[in-house]
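Listed below are the residues making up each chain.
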Amino acid sequence: MGYYDDHSNATQQHKQRRRWVMPTIVGVILGAVIVLLALPALVQTELLPYEITIPEDESGLVQDDQGLTGNTTKNVELDVKTQITDVVEKVTPSVVGVVNLQSQQNFWEENGDSQQAGVGSGVIYKKEDGTAYVVTNNHVIEGANEIEVVLADETRIKAKLVGSDIFTDLAVLKMSGEQVDSVAEIGSSENLKVGEPAIAIGNPLGLRFSGSVTQGIISGKQRAIPQDFNGDGLEDWQAEVIQTDAAINPGNSGGALINIDGQLIGINSMKIAQSAVEGIGFSIPIDSAMPIINELEQYGQVNRPYIGIEAYGLNEVPTSEWENTLNLPEEVEGGLYIRSLRQMSPAAKAGLKPLDVITQLDGQKVEDIIDLRKYLYNEKNPGDEMEITYYRDGEKNTVTLTLGSQE
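A brief report on the enclosed structure follows. (Residues numbered from 1 in each chain as written. Predicted model: local features only at pLDDT ≥ 70, side-chain atom pairs only at ≥ 80, totals over all residues. Heavy atoms only, no water.)

So, about the packing of aromatic side chains. One pass over the full model with this rule turns up three aromatic pairs. Their ring planes at 50 degrees and their centres at 6.3 Å tell us that Tyr 125 and Tyr 133 sit as a pair that is tilted. Look at Tyr 125 and you get buried, because its relative accessible area is 8%. Overall, Tyr 133 belongs to the buried group, its relative accessible area being 13%. Measuring from centroid to centroid gives 6.1 Å for Tyr 312 and Tyr 337, while their planes differ by 35 degrees, and the two rings are tilted. Of this pair, Tyr 312 sits in strand S15 (residues 309-313) while Tyr 337 sits in strand S16 (residues 336-341), and the two are 25 residues apart along the sequence. With a relative accessible area of 12%, Tyr 337 lands in the buried category. Here the basic side chain of Lys 126 rests over the ring of Tyr 133, its NZ or CZ set 5.3 Å away from the ring centre. The ring of Tyr 377 carries the charged tip of Arg 304 above its face, separated from the ring centre by 5.0 Å. (Phe/Tyr/Trp six-rings, centres within 6.5 Å; stacked < 30°, edge-to-face > 60°. Buried < 20%, exposed > 50% of the residue type's maximum accessible area, 1.4 Å probe, protein only. Helix = DSSP H or I, 4+ residues; strand = E, 2+ residues; numbered from the N terminus. Lys NZ or Arg CZ within 6 Å of the ring centre and 35° of its normal.)

Structure below.
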């Protein structure tokens, strides 16, 4: 009986110990978790002393005098000056506002006051003998009775139109250079690479936002953009321009497109204003612009060769009329038909007549008025000779004429 009682008591004690083991383990674990969660709050309230020392690592990122003890505040100096801010600071004073002032007359007043008809941008590209020269767009100053140039410091100076050109959309102004301190550095557009940075500076939406700077890249070179000068819906010219995604808005026209070195590489001119198109702006390449600028400065106009005809492409004529009216053989696939000639013009003197169809200039094919103008304006000068191949009443002929000068 004694043995049985002893064994029974031992068993009961063993069971009681087992019942306390699990709650003890669970309690220890929960206590550790609670301490870990509460420790940061206790340290933050400074109820507990807490210190962290970070030794210098092998890379030397933490210096000997650096340590973290409680809350530490570190002053950081950041230099935001970059190459872009440098070139913008350099070029911005040479970018100006151009104000188109036109007289507003009424029945009672013989001479009305001049009012602002439009605002664009311009670039001071030259200062010589006390005179400063500004290049802008032709459409910015078109129809102006007076022109004002607004400097970067808002100083207004009266300017005079030296000359303008509708085909390249360029115009040259001159004004007193007394208050002009900065002139744009002329760069080159010949070696531009697609993807390189481009910066546009101008006055989008008017003088209120003067000196606005936008950044992008060169998106394309030698883009041909059709131009309709007389509003008849037909292309009169194709402007070869630089394409960029730097924002160019109304008012930016005539402003500067510069490269990362702060050199002028283009004169901003146009923007495709369609709701479905964004990030496409255009600029006249400076290599194409400078010869025109120099000619406008020297002569007040661009002296281009002309032959004195009004002509249209065969693609504007029904195909049925090619044979019935123009008597063209089947091998003729394109060309220009002459609608009229100016009296005493080079074409008239050479014997050309209305309804003659021009197919070649100096052996090169032409199919529309743009082909004709490109060849004349880019390859020829007034006084040069040019061979014209044409068809009359189904017969092929050639004639050589001497080019005149456009008035």
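This brings us to the pairing of strand S5 (residues 156-165). The sheet contact formed by strand S4 (residues 146-150) and S5 spans four bridges and is antiparallel. Note on S5: the bridge partner recorded for Ile 147 is Ala 159. Direction of pairing for S5 relative to strand S6 (residues 170-176): antiparallel, over a ladder of five bridges. Residue pairing across strands places Gly 163 opposite Val 172, the latter belonging to S6. (Pairing = 2+ DSSP bridges.)

What follows concerns a negative patch on the surface. A cluster of like negative charges, contributed by Asp 228, Asp 232, Glu 235 and Glu 316, occupies part of the molecular surface. Looking at the element boundaries, Asp 228 is found in the loop between strand S9 (212-227) and strand S10 (237-244). (Patch = residues over 30% accessible without salt bridge, like charges linked within 9 Å, V, L, I, M, F, W, Y side chains within 5 Å. Areas by Shrake-Rupley, 256 points an atom, 1.4 Å probe, with all protein chains shown as cover. Salt bridge = Lys/Arg side-chain N within 4 Å of Asp/Glu carboxyl O. Lys, Arg positive; Asp, Glu negative; His and termini not counted. Charge placed at Lys NZ, Arg CZ, Asp CG, Glu CD.)

It is worth spelling out helix H4 (residues 286-299) at this point. Between its terminal C-alpha atoms H4 stretches 19 Å, which fits the 20 Å expected from 14 residues at 1.5 Å a residue. Buried within H4 are the following residues: Ile 286, Ala 289, Met 290, Ile 292, Ile 293, Leu 296 and Glu 297. (Expected span 1.5 Å × (residues − 1).)

Phi angles above zero are rare outside glycine, and Asp 169 is one such case at about 60 degrees. On the basis of relative accessibility, which here comes to 11%, the residue Asp 169 falls in the buried class. Despite not being glycine, Leu 355 shows a phi value in the positive range, around 75 degrees. For Leu 355, a relative accessible area of 42% puts it in the partly exposed group.

The next subject is the sheet that holds strand S2 (residues 114-128). A barrel is described by the order of its strands in space; here six strands give the closed sequence S1-S2-S3-S6-S5-S4, paired in antiparallel fashion. Geometrically, the sheet is characterised by an average inter-axis angle of 40 degrees between neighbouring strands, direction not taken into account. Summarising the sheet, strand S3 (residues 131-136) and S6 pair through six bridges and their orientation is antiparallel. The residue bridging Thr 136 from the neighbouring strand is Ala 171, located in S6. Across the face of the sheet, H4 comes into contact with S2, S3, S5 and S6 while running at roughly 55 degrees to S6. (Axes fitted to C-alpha atoms, helices over the stretch in contact; angles between N-to-C directions. Contact = heavy atoms within 4.5 Å.)

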